[in-house]
Every structure is written in C-alpha cells, then in structure tokens.
Amino acid sequence: MYVPFENLPEESRIWIYQSNRKFSDAEFSEIETDLQAFLNEWAAHGTSLESSYLMKYNRFIILAVNQDVQAATGCSIDSSVEFIQGLEKKYNVDLLDKMNVTFKLGEHIAHKTLIDFKKMVKDKAVTENTIVFNNLVNNIEEFNESWEVPAIDSWHSRFF
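Worth saying up front: this structure is predicted, and the values here are computed from it rather than measured. (Residues numbered from 1 in each chain as written. Predicted model: local features only at pLDDT ≥ 70, side-chain atom pairs only at ≥ 80, totals over all residues. Heavy atoms only, no water.)

### Details of the overall build of the protein
Here is step 1: From N to C terminus, the protein includes four helices and nine strands.
Here is step 2: For the protein, the α and β elements follow one another from N to C terminus as β-α-β-β-β-β-α-β-β-α-β-α-β.
Here is step 3: Computed over C-alpha atoms, the radius of gyration of the protein comes to 16 Å, within 12% of the 15 Å expected from 2.2 N^0.38 for 160 residues, which places it in the range of a compact globule.
Here is step 4: When the backbone C-alpha atoms are referred to their principal axes, the protein occupies close to 50 × 30 × 25 Å.
Here is step 5: For the protein, buried positions account for 46% of its 160 residues.
Here is step 6: Taking the intrachain contacts of the protein between residues at least 6 apart in sequence as the baseline, contacts between residues at least 24 apart amount to 64%.
Here is step 7: Accessible surface computed for the protein: about 8300 Å², of which carbon and sulfur atoms make up 48%.
Here is step 8: The averaged location of the 25 negative side-chain charges in the protein is 11 Å from the averaged location of its 15 positive side-chain charges. (Helix = DSSP H or I, 4+ residues; strand = E, 2+ residues; numbered from the N terminus. Rg over C-alpha atoms; globule rule 2.2 N^0.38 Å. Buried < 20%, exposed > 50% of the residue type's maximum accessible area, 1.4 Å probe, protein only. Contact = heavy atoms within 4.5 Å. Areas by Shrake-Rupley, 256 points an atom, 1.4 Å probe, with all protein chains shown as cover. Lys, Arg positive; Asp, Glu negative; His and termini not counted. Charge placed at Lys NZ, Arg CZ, Asp CG, Glu CD.)

### A look at the pattern of salt bridges
Here is step 1: Counted by the stated rule, this structure contains four salt bridges.
Here is step 2: Between Lys119 and Asp123 there is a salt bridge; the shortest N-O distance is 2.9 Å. (Salt bridge = Lys/Arg side-chain N within 4 Å of Asp/Glu carboxyl O.)

### Brief notes about the environment of Ser12
Here is step 1: Within the fold, Ser12 resides in the segment before β1 (13-18).
Here is step 2: Considering only alpha carbons, one finds Ser12 and Ser154, 142 residues apart in sequence, at a separation of 21 Å.
Here is step 3: Leaving out residues up to four positions away in the same chain, Ser12 has contacts with Val65, Asn66, Asn138, Asn139 and Ile140.

### Things to note about the layout of surface pockets
Here is step 1: One number sums up the size of the largest pocket: a volume of about 370 Å³.
Here is step 2: Looking at the lining of the largest pocket, the elements that each hand over two or more residues are β1 and β6 (100-105).
Here is step 3: For the lining of the largest pocket, the residue count by class is 13 nonpolar, six polar and four charged. (1 Å grid on protein atoms, 1.4 Å probe; cavity = no way out; pocket = protein on both sides within 12 Å on 5 of 7 lines; lining within 4 Å. Points joined across faces, edges and corners; volume = space filled by probe spheres on them. Nonpolar A, V, L, I, M, F, W, Y, C, P; charged D, E, K, R; others polar.)

Right, dumping it as structure tokens:
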C-alpha cells in the first residue's frame, strides 16, 4: 500500500536505484504512475507492504518499506527488482549496476563508471570534498543524514 514518503518512520528500509542518465519530464511522470501502481499492489506473503518512493534529480528511484508494519521478504524484494528491471527495459536505462558512481560537479549530476571515477580522483578532477551519492544507506534516517556527502565521508573515501 502506497503512503507518502514523509509518513514513513526513519527506520524504514530503503533501496536506491540510480539511472545512468537523467529521465525526461515525460518519463519521470510515467515512472511515478508506474511506481504508485506497483507499490499499491506490493505485498509480502499476501500482506500489503506500507511503502513509498522518492525520485530525486530525475535520476534516482528510492523505494522504502515500513518494516514495523510488515517486513519485506525475499519474494517481495525479488518482485521489486523485477519491477526495476521492467523500467530498465522500457526506458533503455541501467538502474542495477552498482559499479557506477554518481556525484555532483557544481550543479550538474555526473554518472561515471568506477574506473572513470578513480581516474578522475587521480587527475584531481574530483576531490575529497566532491559530493557523492552514497547508495549503500539502508534506511530513511541514513538516507537523510548520509546519502549526499563529501566523498571522504563515504565508501568512496578509499580512492583518496
């Protein structure tokens, strides 16, 4: 069952999917409609999941589940991944490759392979203060505190 993101408790579990490109406004609108439809039907062992989503920077899809009401299970997580794979096919984007880094270059959101990001570090095109998106956060509280952080304060710090 879909609920507004801001109504979920901070300990709600999240999954972050980053696109290798920015979604157009039309795509963004269609994806929002598809997300709400999916979340209204999303269940674990026949019990509705109290869930929500955020779309940030026309590039990130964040799914969230209030695990205090009903925990997401292997099968329900698999169904969400299938949904994301469907979006990948429909919009010809990559949402599941974890070997990419998304970061801010001024007002621009950049997306690079891990190899290219390491090269940018070496070339000093990005620094320890570059804002990166730490997609390894696990819940809304971590998302709010540690998703957009200087590279030195994330898992990216090992490259400096």
